[in-house]
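Residue strings, one per chain:
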Amino acid sequence: MDEGGNEAFAADDEVPRDGTGRRPITLADVAREARVGESTVSRVLRSHGSFSETTRARVEAAVARLGYVPNRIAGTLASTGSRLIGIVIPSLTNIVFPDLLRGATAALEQEGFQSVIAVTDYDQDREEAVVGSLLSWRPAGLIVTGLEHNPGTRRRLVASGVRVAELLDIDGPGLDIVVGYSNRAAGEASARHLAGRGYRRIGYIGHDLTRDKRAAKRYAGFREGLAQVGLAPAGEERVASPSSVEAGRHGLEALLARVPDLDAAYFSNDDMALGGYFHCLAHGITVPGRLALFGYNGLDVGRLMPQPLATIRTPRVEAGATAARLLCTGGPATVVDLGFELIEGATA
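Here the structure is a predicted model, which means the values were calculated and not measured.

Cut-offs applied
Just so you know, the residues in each chain are numbered from 1, in the order the chain's sequence is written. A pLDDT threshold of at least 70 governs which residues receive local features in this predicted model, and a stricter bar of 80 or more applies before side-chain atom pairs are shown or counted, although totals over entire chains, interfaces and linings include all residues. Here the side-chain values reflect all heavy atoms present in the structure, with hydrogen atoms and water set aside. Strands are runs of DSSP state E lasting at least 2 residues, helices are runs of H or I lasting at least 4, and numbering of each runs from the N terminus. Summary of the burial criterion: residues with accessible area below 20% of their type's maximum are buried, those above 50% are exposed, and those between are partly exposed, where the area comes from a 1.4 Å probe applied to protein chains only. Contacts are residue-level and defined by heavy atoms, with any inter-residue pair within 4.5 Å sufficient. Exposure was quantified through the Shrake-Rupley algorithm and a 1.4 Å probe, taking into account, for residues, occlusion by the shown protein chains and nothing else. Salt bridges are counted wherever a side-chain nitrogen of Lys or Arg sits within 4 Å of a carboxyl oxygen of Asp or Glu. As used in this record, nonpolar core signifies buried Ala, Val, Leu, Ile, Met, Phe, Trp, Tyr and Cys residues forming a set joined through side-chain atoms within 4.5 Å. The split of the chain into domains comes from an automatic or database domain assignment. Put simply, two rings from Phe, Tyr or Trp (the six-membered ring, in Trp's case) pair if the centres are within 6.5 Å, and we call them stacked under 30 degrees between planes, edge-to-face over 60, tilted for the rest. Here a cavity is any set of points on a 1 Å grid over the protein atoms alone where a 1.4 Å probe fits but cannot get out, and a pocket is any open set with protein on both sides within 12 Å along at least 5 of 7 lines; a residue lines the site when it has an atom within 4 Å of a point. Grid points are joined across faces, edges and corners, and a volume is the space filled by probe spheres set on the points. Basically, the charged four are Asp, Glu, Lys and Arg, the nonpolar ten are Ala, Val, Leu, Ile, Met, Phe, Trp, Tyr, Cys and Pro, and anything else, Gly included, counts as polar. At least two DSSP bridges between two strands are required for those strands to pair. When the strands point away from the viewer, a crossover counts as right-handed if the route from the first strand across the helix to the second turns clockwise. Where helices are involved, their axes are fitted lines through C-alpha atoms of the stretch in contact, as for all axes, and angles between N-to-C directions lie from 0 to 180°. Working rule for angles: under 35 degrees goes down as roughly parallel, over 145 as roughly antiparallel, 65 to 115 as roughly perpendicular, anything else as oblique.

**Q** Run through the overall build of the protein chain, naming residues and quoting values.
**A** Within the protein chain one finds twelve helices and twelve strands. Taking all 348 residues of the protein chain together, the buried fraction comes to 53%. Considering only intrachain contacts with a sequence separation of at least 6, the fraction spanning at least 24 residues in the protein chain is 69%. Accessible surface for the protein chain amounts to roughly 14700 Å². Of this, 52% is attributable to carbon and sulfur atoms.

Encoded structure:
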């Protein structure tokens, strides 16, 4: 309780540093930054008790600058070690992320931890909100997808002192633990494979690259791989909607209407490629005789197609499990490159 009789947030200055060497930002840090007492900060954050609007503005500005997240379990569970791991993923409609969850949750259960899951729909502002919400419960760690976050999310993750694992990408600097593979190298390998098979009129069909940063890296690698052999995309079609089978079917149809002499199509993922395959079946386009198709992710549905899909297989279950184990067991910040596998399939 503070001197005004209000239950205060725990200052938790005694929280030890984690394996990254970071100390959590505390209530005392906010008070120093705002030049007020800790009890005043507590009253502002709870919107309870007396304080001026000027004081509220100073405290809220300090919270934003420092990335402070109030401790919602102070005074109740703070003395018990948290067994909670937050997992933030961009989508549940793409089987990639349920695969990741399957690996992570199985490993967490083996270590005696439980997970809380949040979905962002590839919206970085929503990611900031859900990260703040999860951090307010002082989890033992957080698993997030990708390396790109908006500045507010990065400030909160760094300021919290909580261990963080970033998954499914290694193309860039990480905050703590990074587990995944190079999306850029996967795109490059796909382009080299198609060019090595003799294809020269290669088109690209993808979804919104401004929201899906890992797909954007694969696209950049794809262009680099073509450039290495003196080629460029013969045409491109990007749909504004999230990736889906339907989007891939319509995307290929639109691209072929503009560039009818394509001899290969590279899709941003297997869902899109499956839609392209359906378009070919519906219009009598022989695969790969008339048009080669290449995807990404190595989903079971692609393997079970009448002609198994040429694609890149990614270790999603392993990525989730590896990240979970590293969070639970501690240790220094690290980057784990799990690599990927090019599946030749029968569509290219």
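This is not the end of the story, as more comes after the structure.
**Q** Describe the pattern of salt bridges, naming the residues involved and giving the relevant values.
**A** Under the definition given, this model contains 19 salt bridges. Measuring nitrogen to oxygen at the nearest pair gives 2.4 Å for the salt bridge that ties Arg32 to Asp29. A residue pair is termed a helical-turn pair when its members lie 3 or 4 positions apart in one helix, as Arg32 and Asp29 do in helix α1 (residues 27-34) at three residues. With a relative accessible area of 10%, Asp29 lands in the buried category.

**Q** For the nonpolar core, give the residues involved together with the corresponding values.
**A** If you look at the biggest cluster of nonpolar residues, it comprises 46 residues, and the most contacted ones within it are Ile87, Ile143, Leu168 and Leu194. Residues lining this core come from more than one domain, with at least three contributed by each of domain 2 (84-181 + 317-338) and domain 3 (183-313). Leave out the neighbours within four places in its chain, and Ile143 touches Ile85, Gly86, Ile87, Val88, Ala104, Ala165, Leu167, Ala323, Ala324 and Leu327. Counting 22 residues, the second largest nonpolar core, distinct from the first, contains Leu262, Cys280, Val287 and Leu293.

**Q** I'd like a description of the packing of aromatic side chains, backed by residues and values.
**A** Counted by the stated rule, this structure contains six aromatic pairs. Relative to Tyr122, the ring of Phe97 lies with its centre 6.4 Å away and its plane at 75°, an arrangement referred to as edge-to-face. Taken as a pair, Phe97 in helix α4 (residues 96-110) and Tyr122 in the loop between β2 (114-119) and α5 (124-135) lie far apart in primary sequence, 25 residues in all. Under the relative-accessibility criterion, Phe97 is labelled buried at 3%. Centroid distance Tyr204 to Tyr266: 5.9 Å. Interplanar angle 45°. Geometry classified as tilted.

**Q** Lay out the layout of surface pockets with the relevant residues and their values.
**A** Roughly 370 Å³ of internal volume is contained in the second largest pocket. Lining the second largest pocket are 26 residues, with Asn94, Phe97, Tyr122, Asp212 and Ser243 positioned closest to its centre. Among the secondary structure elements, those contributing two or more residues to the lining of the second largest pocket are α4 and α8 (213-228). Looking at the lining of the second largest pocket element by element, the count peaks at three residues for α8. The residue inventory of the lining of the second largest pocket, partitioned by class, reads eleven nonpolar, nine polar and six charged. Here the lining of the second largest pocket gathers at least three residues from each of two domains, domain 2 (84-181 + 317-338) and domain 3 (183-313).

**Q** Let's hear about the pairing of strand β6 (residues 202-206): which residues, and what values?
**A** The element β6 is extensively covered by neighbouring structure, given that five of its five residues are classed as buried. In β6, alternate side chains face the same way, and those of Ile202, Tyr204 and Gly206 on one face and Gly203 and Ile205 on the other are all buried. Bridging between β6 and strand β8 (residues 264-267) involves four bridges; their strand directions are parallel. Considered in β8, the bridge of Ile202 is made with Ala264. Relative to strand β7 (residues 235-238), β6 is paired through four bridges, and the arrangement is parallel. Bridge assignment links Ile205 to a residue of β7, and that residue is Glu237. A crossover links β6 with its parallel partner β7, the connecting element being α8, and its sense is right-handed.

**Q** So what's going on with the sheet that holds strand β3 (residues 141-145)? Which residues, and what values?
**A** Strand order in the open sheet formed by six strands is β2-β1-β3-β4-β5-β11, with parallel pairing between adjacent strands. Two strands bound the open sheet, and with one partner strand each, they are β2 and β11 (334-337). In this sheet, neighbouring strand axes are inclined to one another by 15° on average, regardless of whether the strands run parallel or antiparallel. Where β3 meets strand β4 (residues 163-167), five bridges bridge the pair, whose relative direction is parallel.

**Q** Could you give an account of the packing of α1 against helix α2 (residues 38-46), with specific residues and numbers?
**A** Contact pair α1 / α2: the axes reach a minimum separation of 8 Å and the direction vectors enclose 100°. On the basis of the axis angle, α1 is roughly perpendicular to α2. Taken together, the residues of α2 that come into contact with α1 (itself represented by Leu27, Ala28, Val30 and Ala31) are Glu38, Val41, Ser42 and Leu45. Residues that form the contact of α1 with α2 fall into these classes: six nonpolar, one polar and one charged.

**Q** Pulling in residues and values, what's your account of the environment of Leu168?
**A** The topology assignment puts Leu168 in the loop between β4 and β5 (177-180). You can call Leu168 buried: its relative accessible area is 3%. As for Leu168 and Phe97, which are separated by 71 residues in sequence, their C-alpha atoms are 10.0 Å apart. If sequence neighbours within four positions are ignored, Leu168 has contacts with Val96, Phe97, Leu100, Thr145, Val179, Gly180, Tyr181, Asn183, Arg214 and Ala319.

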